[in-house]
Amino acid sequence: MKNFPVFVFPVALEFYLNARHTHKQLLTVYNPYDFSVNFKVLCTSPNKFTVIDPEGVIGAQSCIDIVVRYTQPSMSHCNTTEKFRITMYDRNTQQALGKRDIPTKLIEGEPLNTFQESLGENFHPLTTKAQSIRPTEELVKSTCNHPLHQRDQQPINVVAVAVSICCIAALLLPTHPEKVAPSQLPDWLHIGSNLKLVFSFVLGLVSMLVLRP
């Protein structure tokens, strides 16, 4: 016999005496190789089980499901380990390529929750706490704390607005050395171009302060 690995899932079968839905289970045999193989299923207690299609062909890189039924569940058979042996053969030479033994047992009672069993001893399900209004409140609180909302809630800087109005008014005044037409404003309201540049600079700074994102 060659030593080709035989891939079977599950690796063990557990039947429960008081759970009839467990008396029928599936064995999936995989053929990951690039050639077809023959297979055959053997059992240590064939009188207790019925196997549909106990032999056949598995195509290259394919799998096949084998239906196994426990036909004689009784208290006397509980906790007794039986085995299925799945053997692969070369289709041309009928030489055995590999084998895999699948232990099986009839267990008294009913299975526990399948989900809890799969967690193992060190794993436990997480409990979900009831959430009613708290998430909404937290969302509203988080939204209110956003910088944009904080920015909207800040009062308008009155001093900055006043300075901006003064600068705009100063820029609208006529320039002293460049009078083109007679103005109705007194001479002390005529300012120089250098002073207007100063007001423009201040207006730009105040605009950045007020309109910054």
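The text that follows walks through the structure, step by step, so that each part is easy to find. (Residues numbered from 1 in each chain as written. Predicted model: local features only at pLDDT ≥ 70, side-chain atom pairs only at ≥ 80, totals over all residues. Heavy atoms only, no water.)

**So, the overall build of the chain**
To keep it simple, the criterion reads: A run of DSSP states H or I qualifies as a helix once it reaches four residues; a run of E qualifies as a strand once it reaches two. Both are numbered from the N-terminal end. Whether a residue is buried, partly exposed or exposed follows from its accessible area with a 1.4 Å probe, protein chains only, as a fraction of its type maximum: under 20%, in between, or over 50%, in that order. Residues count as neighbours in contact if any of their non-hydrogen atoms are within 4.5 Å of one another. In this description, accessible areas are obtained by the Shrake-Rupley approach with a 1.4 Å probe, and a residue is regarded as covered only by the protein chains that are shown.
A tally of regular secondary structure across the chain gives five helices and nine strands. Secondary structure of the chain in N-to-C order comes out as β-β-β-β-β-β-β-β-β-α-α-α-α-α. In the chain, which comprises 213 residues, the proportion classed as buried is 26%. Long-range pairs, those at least 24 residues apart, make up 61% of the contacts in the chain between residues at least 6 apart in sequence. A total of about 15400 Å² of accessible surface is found on the chain, and carbon and sulfur atoms cover 58% of it.

**A short note on the pairing of strand β9 (residues 96-107)**
Where we set the bar: Pairing between two strands requires that DSSP report at least two bridges joining them.
Here four bridges tie strand β2 (residues 13-16) to β9, and the two strands are oriented parallel to one another. Bridged to Tyr-16 within β9 is Ile-107. Linkage of strand β8 (residues 81-90) to β9, two consecutive antiparallel strands, is achieved through a turn of five residues, within which Gln-94 is found at a positive phi near 60°.

**Notes on the packing of aromatic side chains**
Quick reminder of the rule: When two rings of Phe, Tyr or Trp (its six-membered ring) have centres within 6.5 Å they constitute a pair, described as stacked for plane angles under 30 degrees, edge-to-face for angles over 60, and tilted for the intermediate range.
Applying the stated criterion across every chain, the model contains seven aromatic pairs. Centre to centre, the rings of Tyr-33 and Phe-35 are 5.7 Å apart; their planes meet at 15°, and the pair counts as stacked. Residue classification places Tyr-33 among the buried positions, given a relative accessible area of 16%. Taken together, the aromatic side chains of Phe-15, Phe-49, Tyr-70 and Phe-84 make up a single cluster linked through ring pairs.

**Focus: the sheet that holds β9**
Note the cut-off: Interaxial angles span 0 to 180 degrees and are taken between N-to-C directions of axes, which are lines fitted to C-alpha atoms, for helices over the stretch in contact.
Spatial strand order, β2-β9-β8-β4-β6: five strands in an open sheet with mixed pairing. In the strand order of this sheet, the two ends are held by β2 and β6 (55-58), each with one partner. Each strand axis lies, on average, 25° off the axis of its neighbour in the sheet, ignoring direction. Here β8 runs beside β9; their pairing, made up of nine bridges, is antiparallel. Each residue of the ladder has a partner; that of Tyr-89, found in β9, is Ala-96.

**Structural notes on a nonpolar patch on the surface**
As a reminder of what qualifies: Each patch groups residues whose relative accessible area exceeds 30% and which form no salt bridge, using 9 Å between like charges and 5 Å between nonpolar side chains of Val, Leu, Ile, Met, Phe, Trp and Tyr. Salt-bridge detection follows one rule: a side-chain nitrogen of Lys or Arg within 4 Å of a carboxyl oxygen of Asp or Glu.
There is a patch of nonpolar side chains on the surface, built from Phe-7, Phe-9 and Tyr-30 and spanning about 320 Å² of accessible area. Take Phe-7: it is sitting in strand β1 (residues 7-9).

**Considering the nonpolar core**
What counts is decided by this rule: Only buried Ala, Val, Leu, Ile, Met, Phe, Trp, Tyr and Cys residues count toward a nonpolar core, and they belong to the same one when joined by side-chain atoms within 4.5 Å.
With 22 residues, the main nonpolar core has Leu-27, Val-68 and Ile-86 as its most contacted residues. Taken together, the elements giving at least two residues each to this core come down to β2, β3 (24-31), β4 (37-43), β7 (62-70), β8 and β9. Contacts of Leu-27, omitting those with residues within four sequence positions, involve Val-8, Phe-9, Pro-10, Leu-13, Ile-64, Asp-65, Ile-66, Val-68, Ile-86 and Ile-102.

**Digging into the pattern of salt bridges**
Overall, the coordinates contain two salt bridges when judged by the stated rule. Residue Glu-82 is joined to Lys-48 by a salt bridge in which the shortest nitrogen-to-oxygen separation is 2.7 Å. Residue Glu-82 is found in strand β8, and its partner Lys-48 is found in the loop between β4 and β5 (49-52); the two are separated by 34 residues along the sequence. Accessibility classification places Glu-82 together with Lys-48 in one group, the buried group. As a salt-bridge pair, Asp-101 and Arg-85 come within 2.8 Å of each other at their nearest N and O atoms. Taken together, the residues span a long stretch of sequence, with Asp-101 in strand β9 and Arg-85 in strand β8 at a distance of 16 residues. Overall, Asp-101 belongs to the partly exposed group, its relative accessible area being 29%. Taking relative accessible area as the criterion, Arg-85 reaches 32% and is therefore assigned partly exposed.

Such coordinate-based values are descriptive only and should not be taken to indicate function.
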